[in-house]
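Observations on chain architecture
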Amino acid sequence: KDNNSLKMAAAARASAAVVAVLVVMIAMGSGGLPAAEAHLQMGAYNKTCPQAEDVVLKEMTAILAKSPDLAGPDSPLNKGVRGYEVVDRIKAKLDKACPGVVSCADTLALAARDSIRLTKGPFIPLPTGREDGNKSSAADVALNTPAPGANITDLLAQFAKFNLTAKDLAVLSGAHTIGKARCATVSPRLYNFGGQNSSSDPTLDANYTSTLRGQCKPGDAATLVDLDPDTPSVFDADYYKLVAGKRGLLSTDAALLLDPATGAYVASQANATSSDEFFADFAASFVAMSKIGALTHHKGEIRKVCSKVNPPSPASSNAAAGQTRLAATGGMLLPLAMSLVLFGL
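Residues numbered from 1 in each chain as written. Predicted model: local features only at pLDDT ≥ 70, side-chain atom pairs only at ≥ 80, totals over all residues. Heavy atoms only, no water.

Going by what an unreviewed UniProt entry lists, the protein is known as Peroxidase and is assigned to Eragrostis curvula. UniProt, in its Catalytic activity (unreviewed entry) section for the protein, records the words "2 a phenolic donor + H2O2 = 2 a phenolic radical donor + 2 H2O". Listed in UniProt under the heading Function (unreviewed entry), the comment for the protein reads: "Removal of H(2)O(2), oxidation of toxic reductants, biosynthesis and degradation of lignin, suberization, auxin catabolism, response to environmental stresses such as wounding, pathogen attack and oxidative stress." (UniProt positions renumbered as here; feature names shortened; annotations may be inferred.)

So, in structure tokens, the structure goes:
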């Protein structure tokens, strides 16, 4: 492969990893606050850390170019999710430039935004000012994340829980245009579907089933399969052509065809002549989801280590002992949609 192809492949891997790592941050808000209650603003760090967004973009560019070895599973629902050290690396650079100013929640949000941009997706103007929460629990992930075999009713209900629409579901599922899923997640559609020996999911194109069986042999749980085999390294609207043609990799992709609203969006984008509408829609849904449950105005903290809450100060330890806020890093709930496929990474 030429150098540009290698860089784009690296970008897709790290991009998917940064998006996927957000899955374990599902319980970042205090109970799923509606977006209108998140008091974020454009350029929140303009005075306190004016170089913040440049630092994130520079680090993401370097990370994608080098295609680092990504690892770090957490919750059983997200077994195999990789990329935690990407966030740690960026946060370290931010703290070097502006100690204790930029939150882990904003670091995640900006890294995800830039990973999309660097794989030829849209640039998304993103409001910032999120604070980090006081509690992290992998057990909270399953409460706010669709199960791998979720049907369309489950998916719509999960999104509605956070005031997100059927269109948001269809739009944010378009993130599956990059990244990979493990055969462990794909194989239930390929073998013994519905408990019937050697049967496959009838909603999956027969030729595609044959191709996937060549990639995922029975019992293979580890092999990675491209979500968008035609342009796996490019953030584009091709995902919708795949879904419309019954070639969506996972059951949650195929489920979009079973609801009038999500099905109509799939059909619209599958027949679109450019990605412009999808890009605009994705930017809007991305920002809306990023605001859910965000902690601002000193309701949270700025973590020193993203994987740990700050140790309580002597003066606040008694108050902290009684606190029950279910917040991990301040409300970056983007993974709710992204995780429909990416929890298999």
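That shown, we press on.
1. What about the overall build of the protein?
Tallying secondary structure elements over the protein gives 14 helices and 2 strands in all. Every one of the 345 residues in the protein was classed for burial, and the buried ones make up 52%. Pairs at least 24 apart in sequence give 79% of the contacts found in the protein among residues at least 6 apart. For the protein, the computed accessible surface area is about 14,500 Å², with 55% contributed by carbon and sulfur atoms. (Helix = DSSP H or I, 4+ residues; strand = E, 2+ residues; numbered from the N terminus. Buried < 20%, exposed > 50% of the residue type's maximum accessible area, 1.4 Å probe, protein only. Contact = heavy atoms within 4.5 Å. Areas by Shrake-Rupley, 256 points an atom, 1.4 Å probe, with all protein chains shown as cover.)

2. Some thoughts on the confidence of the model for the protein
For the protein, per-residue confidence averages 77 on the pLDDT scale, and residues scoring 70 or more make up 70% of the total. When the criterion is pLDDT under 50, residues 6-37 qualifies, and its contacts beyond four places in sequence or with other chains add up to 105 contacts. Contacts from residues 68-73, a stretch scored under 50 in pLDDT, to residues over four places away or in other chains number 21 contacts. (pLDDT = per-residue confidence, 0-100.)

3. Considering the state of the cysteines
Going through the model one piece at a time under the given rule, you end up with 3 disulfides. A sulfur-sulfur distance of 2.1 Å marks the disulfide that ties cysteine 49 to cysteine 98. When the S-S torsion is 80 degrees, as for the bridge of cysteine 49 with cysteine 98, the disulfide is right-handed. One end of the pair, cysteine 49, is in the loop between helix H1 (3-21) and helix H2 (52-66); the other, cysteine 98, is in the loop between helix H3 (84-97) and helix H4 (104-117), with 49 residues separating them in the sequence. Residue classification places cysteine 49 among the buried positions, given a relative accessible area of 1%. Note on cysteine 98: relative accessible area 6%, which makes it buried. (Disulfide = S-S within 2.5 Å.)

4. Regarding the nonpolar core
One finds Ile90, Tyr240, Phe278 and Phe282 to be the most contacted residues of the largest nonpolar core, which totals 50 residues. If one sorts the elements of this core by residue count, helix H12 (residues 276-290) sits on top with 7 residues. Setting aside chain neighbours within four positions, we find tyrosine 240 in contact with Ala170, Val171, Gly174, Tyr265, Val266, Gln269, Ala270 and Phe278. Among the nonpolar cores identified, the runner-up in size contains 13 residues, and Val186, Tyr191, Tyr208 and Leu212 belong to it. (Core = buried A, V, L, I, M, F, W, Y, C linked by side-chain atoms within 4.5 Å.)

5. A closer look at the UniProt feature "binding site: Ca(2+)" (unreviewed entry) in the protein
Those places that UniProt annotates as "binding site: Ca(2+)" (unreviewed entry) correspond, in this numbering, to Thr177, Asp228, Thr231 and Asp236. Considering the C-alpha atoms alone, the annotated residues occupy 60 residues of sequence yet fold into one spot, their largest mutual distance being 9.7 Å. Within the secondary structure, aspartate 228 sits in the loop between strand E2 (224-226) and helix H9 (238-244). Among the polar contacts listed, one links the side chain of aspartate 236 to the side chain of threonine 177, at a separation of 2.8 Å. (Polar contact = N/O pair within 3.5 Å; in protein donor to acceptor, adjacent residues only side chain to side chain.)

6. A short note on the pattern of salt bridges
Applying the stated rule across the entire model yields 9 salt bridges. In this structure, arginine 189 engages aspartate 201 in a salt bridge whose closest nitrogen and oxygen atoms are separated by 2.9 Å. One end of the pair, arginine 189, is in the loop between helix H7 (183-186) and helix H8 (206-215); the other, aspartate 201, is in the loop between H7 and H8, and 12 residues separate them in sequence. A relative accessible area of 4% means that arginine 189 is categorised as buried. Judged by its relative accessible area of 6%, aspartate 201 falls in the buried class. For aspartate 205, the salt bridge goes to arginine 247, with nearest N and O atoms at 3.9 Å. (Salt bridge = Lys/Arg side-chain N within 4 Å of Asp/Glu carboxyl O.)

7. Structural notes on the side chain of aspartate 168
Relative to the assigned elements, aspartate 168 resides in helix H6 (residues 166-172). Buried charge aspartate 168 goes without a salt bridge, the closest partner of opposite sign being lysine 167 at 7.5 Å. With residues near it in sequence (within four places) discarded, aspartate 168 still touches Phe159 and Ser285. (Lys, Arg positive; Asp, Glu negative; His and termini not counted.)

8. With respect to H8
It helps to recall that an α-helix has 3.6 residues per turn; residues three or four apart then point in one direction. Every buried residue of H8 is listed here: Tyr208, Thr209 and Leu212. Buried residues of H8, viewed axially, fall in a sector of 105 degrees; they line one side. Facing away from the buried side of H8, by more than 90 degrees, are the exposed residues Ala206 and Asn207. Residue aspartate 205 occupies the N-cap position of H8, its side-chain oxygen lying 3.1 Å from the main-chain nitrogen of asparagine 207. (Arc of directions from axis to C-beta.)

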